[in-house]
Amino acid sequence: MPPAGVSWQTPLHTLWHKQAHRLKLRRTNSTREKLQMHHIIKQLPRAIIIGVRKGGTRALLEMLSLHPAVVKASQEVHFFDNDQNYARGIDWYREKMPFSFPHQITIEKSPAYFITEEVPERIFKMNSSIKLLVIVREPTTRAVSDYTQVLEGKERKNKTYDKFEELVIDTNTCEVNTKYKAVRTSIYTKYLEHWLKYFPVEQFHVVDGDRLIIDPLPELKLVEHFLNLPSKISHYNLYFNATRGFFCLRYNFIFNKCLAGSKGRIHPDVDPSIKEKLQRFFHPFNQKFYQITGRTFNWP
Ligand code: A3P
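What you see is a predicted model, and the numbers here were worked out from it, not measured in a lab. (Residues numbered from 1 in each chain as written. Predicted model: local features only at pLDDT ≥ 70, side-chain atom pairs only at ≥ 80, totals over all residues. Heavy atoms only, no water.)

**Thoughts on the overall build of the protein chain**
Reasoning step 1: If you tally the helices and strands in the protein chain, you get 13 helices and 10 strands.
Reasoning step 2: Within the span of the protein chain, comprising 300 residues, buried residues form 43% of the whole.
Reasoning step 3: The contacts in the protein chain between residues at least 6 apart in sequence include a share of 70% that link residues at least 24 apart. (Helix = DSSP H or I, 4+ residues; strand = E, 2+ residues; numbered from the N terminus. Buried < 20%, exposed > 50% of the residue type's maximum accessible area, 1.4 Å probe, protein only. Contact = heavy atoms within 4.5 Å.)

So, in structure tokens, the structure goes:
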């Protein structure tokens with residue numbers, strides 16, 4: 001009789017594959033590895049970085065993964081904001097997650113979640129007590145960063161693109177152009193209010209993206225606390241790289257890394273009067289954002 005799981009019709013190459021696999025397992029099966037093999041699973045995220053685009057979402061995810069109890073989904077999954085992905089179902093989503101031990105928490109980041117209307121309800125249906133992380137920067141800076149990313153994409157394709165000043169001001173009214181996505185995304189309160197129809201404010205934690213750039217550790221400590229994790233990320237894990245101009249990550253004495261060059265682009269100079277106009281425009285929305293979240297920033 002053939003061994004279990006193998007029929008007489010099983011092609012030879014499949015048998016070889018199975019045999020090779022069994023031999024490999026036998027060779028590598030120390031007690032520790034056996035334990036690992038039996039306890040690692042793919043878990044749905046218990047916390048999601050929902051945005052905001054260009055707020056420092058990648059840096060936050062990477063820095064949190066320095067914590068031994070945090071496991072990250074490396075790619076943006078875009079499950080809740082993309083109808084096609086969402087239709088694939090929750091098992092598809094879980095499959096996109098990394099392996100982890102049961103005591104670890106899985107985190108993913110997809111910044112488009114913050115501004116996509118369907119997302120809060122969909123996440124609520126998956127887990128109504130999930131923890132939500134929102135990382136924000138001073139809204140005008142964030143808008144310039146957003147513009148810079150799109151500009152770089154156009155330049156890569158040898159395409160021309162309008163100047164920032166031309167996009168943010170409506171030429172007919174000379175007012176701030178709220179149809180321009182980079183402006184709209186920086187009206188944080190507008191999107192947050194929609195999320196609050198599904199989740200209480202206690203389930204959100206606002207991260208200061210400007211502070212994460214210059215002094216990341218205190219921000220990470222606040223997140224550890226919000227996630228009910230013991231404080232483990234330390235100064236040892238973060239070092240300033242003068243060449244890069246940013247903090248980089250040290251996992252252990254062998255492995256360290258900086259974020260990719262696409263993070264930390266040089267922004268174009270913006271006409272100061274336009275900058276001021278934008279700051280005046282965002283001001284009342286910012287006040288509301290502070291009031292709702294209980295976190296105040298020194299934004300103009
Ligand atoms: P800029 O490119 O405008 O400087 P996101 O990951 O959400 O796209 O955010 C990108 C931003 O993360 C960058 O914006 C950069 O300033 C910021 N950032 C924060 N900490 C960083 C770090 N340690 N290394 C690189 N970029 C970092």
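Read on, since the account is not over.
**Some words on the state of the cysteines**
Reasoning step 1: If you walk through the whole model with that rule in mind, you get one disulfide.
Reasoning step 2: One disulfide bridge connects Cys248 with Cys258, the sulfur atoms lying 2.1 Å from each other. Handedness of the Cys248-Cys258 disulfide follows from its S-S torsion of about 100°: it is right-handed. Of this pair, Cys248 sits in strand 9 (residues 246-250) while Cys258 sits in the loop between strand 10 (256-257) and helix 13 (272-293), and the two are 10 residues apart along the sequence.
Reasoning step 3: In this structure Cys258 comes out as partly exposed when scored by relative accessible area, which is 26%. (Disulfide = S-S within 2.5 Å.)

**Section: the packing of aromatic side chains**
Reasoning step 1: All chains considered together, the criterion is met by 25 aromatic pairs.
Reasoning step 2: On the basis of an interplanar angle of 75° and a centroid distance of 5.0 Å, the ring pair of Phe80 and Tyr93 is categorised as edge-to-face. A residue pair is termed long-range when its members are at least 10 positions apart, and Phe80 in the loop between strand 3 (70-72) and helix 4 (83-87) and Tyr93 in helix 5 (residues 90-95) qualify at 13 residues. Of the two residues, Phe80 and Tyr93, neither departs from the other in class, the shared state being buried.
Reasoning step 3: Between the aromatic rings of Phe297 and Trp299, the centroid separation amounts to 4.6 Å while the plane-to-plane angle is 15°, which identifies the pairing as stacked. Of the two residues, Phe297 and Trp299, neither departs from the other in class, the shared state being buried.
Reasoning step 4: An aromatic cluster is built from Phe79, Phe80, Tyr86, Trp92, Tyr93 and Tyr113, whose rings are joined through pairwise contacts.
Reasoning step 5: In this structure, Arg122 packs its charged tip against the face of Tyr86, placed 4.2 Å from the ring centre. (Phe/Tyr/Trp six-rings, centres within 6.5 Å; stacked < 30°, edge-to-face > 60°. Lys NZ or Arg CZ within 6 Å of the ring centre and 35° of its normal.)

**Observations concerning helix 6 (residues 119-126)**
In an α-helix, one full turn covers 3.6 residues, which means residues spaced three or four apart are oriented alike.
Reasoning step 1: All of the buried residues along helix 6 are Val119, Pro120, Arg122, Ile123 and Met126. Taken end-on, helix 6 shows its buried residues confined to a sector of 165°, consistent with a single buried face.
Reasoning step 2: Of the surrounding elements, those touching the buried residues of helix 6 are strand 2 (47-51), helix 4, helix 5 and helix 10 (188-195). (Arc of directions from axis to C-beta.)

**Some remarks on the site of the ligand**
Reasoning step 1: Around the ligand, the structure places 17 residues, and the nearest of them are Lys54, Thr57, Ser145, Phe247 and His267.
Reasoning step 2: One nitrogen or oxygen atom from the main chain of Arg58 is found 3.0 Å from an oxygen atom belonging to the ligand.
Reasoning step 3: A distance of 2.6 Å is found between an oxygen atom of the ligand and a side-chain nitrogen or oxygen belonging to Ser145.
Reasoning step 4: Contact with the protein chains covers 97% of the free accessible surface of the ligand, which is 580 Å².
Reasoning step 5: Elements supplying a minimum of two residues to the shell around the ligand: helix 3 (57-64) and strand 9.
Reasoning step 6: Per element, the largest residue contribution to the shell around the ligand is four residues, and it comes from helix 3.
Reasoning step 7: Each residue belonging to the shell around the ligand can be placed in one class, and the counts come to six nonpolar, six polar and five charged. (Near = heavy atom within 4 Å. Polar contact = N/O pair within 3.5 Å; in protein donor to acceptor, adjacent residues only side chain to side chain. Areas by Shrake-Rupley, 256 points an atom, 1.4 Å probe, with all protein chains shown as cover. Nonpolar A, V, L, I, M, F, W, Y, C, P; charged D, E, K, R; others polar.)

**Describing the packing of helix 10 against helix 13**
Reasoning step 1: At their nearest, the axes of helix 10 and helix 13 sit 8 Å apart, and the two run at 35° to each other. In this structure, helix 10 uses Tyr188, Thr189, Leu192 and Glu193 to contact helix 13, whose residues at the interface are Phe285, Lys288, Phe289, Ile292 and Thr293.
Reasoning step 2: Here the residues of the contact of helix 10 with helix 13 sort into five nonpolar, two polar and two charged. (Axes fitted to C-alpha atoms, helices over the stretch in contact; angles between N-to-C directions.)

That's the geometry; what it means functionally is another story.
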